[in-house]
Amino acid sequence: MNEIRMVSESRCFGGLQRTYEHDSTSCACPMRFAVFLPDGADGVPALYWLSGLTCTEENFVVKAGAQRPAAELGIALIVPDTSPRGVDIPGQDDQIDVGTGAGFYVNATRAPWAAHYRMYDYVATELVDIVNTHLPVDPGRKSISGHSMGGHGALLVGTRRAHEYRSVSAFAPICAASRSDWGRNALSHYLGDDESAWREYDVSEVIRQQPSAHTLLVDQGGSDPFLDHLRPGDLQAACDASGQPLRYSERPGYDHSYFFVSSFMERHLRFHAEALG
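Residues numbered from 1 in each chain as written. Predicted model: local features only at pLDDT ≥ 70, side-chain atom pairs only at ≥ 80, totals over all residues. Heavy atoms only, no water.

Participant: Can you walk me through the sheet that holds strand β4 (residues 44-50) in this structure?
Facilitator: Within a sheet, each strand pairs with its neighbour through backbone hydrogen bonds, oriented either parallel or antiparallel. With respect to topology, 6 strands assemble into an open sheet ordered β1-β2-β3-β5-β4-β6, the strand pairing being mixed. Strand pairing shows two members of the sheet lacking a second neighbour, β1 (4-12) and β6 (137-146), which therefore form its edges. Between one strand axis and the next, the sheet turns through 20° on average, direction left out of account. Relative to strand β2 (residues 15-24), β1 runs antiparallel, the two sharing 8 bridges. By the bridge assignment for β2, Glu9 is matched with Arg18. Contacts from helix α3 (residues 119-134) reach β1, β2, β3 (29-37), β4, β5 (76-80) and β6, with the element oriented near 55° to β3. Most of the contacts of helix α4 (residues 149-160) go to β6, to which it runs at about 135°, and overall it touches β4 and β6. (Pairing = 2+ DSSP bridges. Helix = DSSP H or I, 4+ residues; strand = E, 2+ residues; numbered from the N terminus. Axes fitted to C-alpha atoms, helices over the stretch in contact; angles between N-to-C directions. Contact = heavy atoms within 4.5 Å.)

Participant: Just checking my understanding: could you explain the environment of Glu200 for this structure?
Facilitator: Tracing the sequence through the fold places Glu200 in the loop between α6 (195-198) and α7 (203-209). The partly exposed category is assigned to Glu200, whose relative accessible area is 47%. For the pair formed by Glu200 and Ser178, sequence separation is 22 residues and the distance between their alpha carbons is 9.0 Å. In contact with Glu200, other than residues within four places in its own chain, are Leu156, Arg160 and Val206. (Buried < 20%, exposed > 50% of the residue type's maximum accessible area, 1.4 Å probe, protein only.)

Participant: Just checking my understanding: could you explain helix α10 (residues 258-276) for this structure?
Facilitator: Think of an α-helix as turning once every 3.6 residues; residues three or four places apart then point the same way. Of all the bends found along α10, the most pronounced is centred on Phe264 and spans about 45°. Looking at where α10 begins, the residue whose side-chain oxygen comes 3.1 Å from the main-chain nitrogen of Phe259 is Ser257. (Bend = angle between axes of the 7 residues up to and from the residue. Polar contact = N/O pair within 3.5 Å; in protein donor to acceptor, adjacent residues only side chain to side chain.)

Participant: In this structure, what is going on with the nonpolar core? I would like to understand it.
Facilitator: A general trend in soluble globular proteins is that nonpolar side chains are found buried together. The biggest cluster of nonpolar side chains holds 87 residues, and the ones touching the most others in it are Phe33, Phe60, Leu77, Ile78, Phe104, Tyr190 and Met265. Among the elements that make up this core, the one with the highest residue count is α3 (9 residues). Those residues in contact with Tyr190 that lie beyond four places of it in its chain are Val98, Gly99, Ala102, Gly103, Phe104, Val106, Ala108, Thr109, Arg110, Trp113 and Tyr117. (Core = buried A, V, L, I, M, F, W, Y, C linked by side-chain atoms within 4.5 Å.)

Participant: What's the story with the sheet that holds strand β7 (residues 169-171) in this structure? I'm lost.
Facilitator: An order of β7-β8-β9 is seen for the 3 strands of this open sheet, with the pairing classed as parallel. The outermost strands of the open sheet, each flanked by one partner alone, are β7 and β9 (246-251). The average angle at which neighbouring strand axes cross in this sheet is 10°, direction not considered. Relative to β9, strand β8 (residues 216-221) runs parallel, the two being bridged by 6 bridges. Counterpart to Gly221 in the pairing with β9 is Arg251. Relative to the sheet, helix α9 (residues 232-242) contacts β8 and β9, its axis offset from that of β9 by approximately 155°.

Participant: Can you help me understand unusual backbone geometry in this one?
Facilitator: Residues other than glycine predominantly adopt negative phi, and peptide bonds predominantly adopt the trans conformation. That bond from Ala111 to Pro112 is cis: its omega, 0°, falls within 30 degrees of zero. Following the sequence through the fold, Pro112 ends up in the loop between β5 and α3. For Tyr105, which is not glycine, the phi torsion reads 55° and is therefore positive. In this structure, Tyr105 sits in the loop between β5 and α3. Positive phi is not limited to glycine here, since Arg231 has a value of about 55°. Position of Arg231 among the secondary structure elements: in the loop between α8 (227-230) and α9. With a relative accessible area of 28%, Arg231 lands in the partly exposed category.

Right, dumping it as structure tokens:
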């Protein structure tokens, strides 16, 4: 099993905030992930958090204010990076929505991205195996959440692999990647021009075909400047059409930032804690 190397450790709300690095087989490069372990962690449930465009594993742990309620609730937080880094793909740093910081949680099939950009397999399988092997979590109790591009990833992974997760939530997710300007640009690079392949990574399309028994919890800022990219109406329509349970809240005056995320983070953590038991 893949070994992990601790990069940093800090005491936080009685628990430990750590960063690990390991050699990823999915992405064929070193990958980092952050972990918050509550005090006395031993067989604790875990919430996997997927971050958005341009983020690293640091953004959430520094800005979201999640450690205090996670410590109170006895939940570990697992926070992967958003893409491979330093893999020397031409153009990997040219756009905010393709390449570094923009893995979109898909398995790329088009060269040159396919050699490294396999973030779906990394998040859904490899990272989970590593965490279950090396950290004091209960493998049978995990949930998933995320923000923006990471909200897309959380809804996608949590719906496609619903039997593996106790609960699923998202903040301002990209709800229709195959229709969003952000998503279309990324998916054309990673998957090529066949738009039928894009729909496999469009959570609204997935929900229309494969609704889950989970009640999805989604918060969206009403003053989010990126609503045209996020397309929350597509998610609501897909859930209505398929019978997918959805608790959707639009928060007046809130934007797309971590000020918005941190305002409702405890709500989401308590939602997951109830499901995790």
